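Coordinate inspection notes
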Amino acid sequence: MLQAINNDELQRLKPFYGALKTMDGDIKFALGIR
């Protein structure tokens, strides 16, 4: 996480990964992961 502070490319992807994280349970369900 600390490595991303000064990395502009990773900072731009932060909202995308944040959205994925909120859907973690749904993604696991869709993939059949318990």
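So, here is what we can say about the structure in this document. (Residues numbered from 1 in each chain as written. Predicted model: local features only at pLDDT ≥ 70, side-chain atom pairs only at ≥ 80, totals over all residues. Heavy atoms only, no water.)

This part covers the overall build of the protein chain. Scanning the protein chain from terminus to terminus reveals two helices and zero strands. Per element, the accessible surface of the protein chain, about 3500 Å² overall, is 60% carbon and sulfur. (Helix = DSSP H or I, 4+ residues; strand = E, 2+ residues; numbered from the N terminus. Areas by Shrake-Rupley, 256 points an atom, 1.4 Å probe, with all protein chains shown as cover.)

Right, let's get into helix α1 (residues 8-22). An ideal rise of 1.5 Å per residue puts 21 Å on 15 residues; α1 measures up with 22 Å between its terminal C-alpha atoms. The N-terminus of α1 is capped by N7, whose side-chain oxygen sits 3.0 Å from the backbone nitrogen of E9. (Expected span 1.5 Å × (residues − 1). Polar contact = N/O pair within 3.5 Å; in protein donor to acceptor, adjacent residues only side chain to side chain.)

This paragraph deals with the pattern of salt bridges. Tallied over the entire structure, the rule returns one salt bridge. K28 is the partner of D24 in a salt bridge, and the nearest nitrogen-oxygen pair spans 3.7 Å. Of the two residues, D24 and K28 are both situated in helix α2 (residues 24-31); the distance of four residues between them amounts to about one turn of the helix. Judged by its relative accessible area of 37%, K28 falls in the partly exposed class. (Salt bridge = Lys/Arg side-chain N within 4 Å of Asp/Glu carboxyl O. Buried < 20%, exposed > 50% of the residue type's maximum accessible area, 1.4 Å probe, protein only.)

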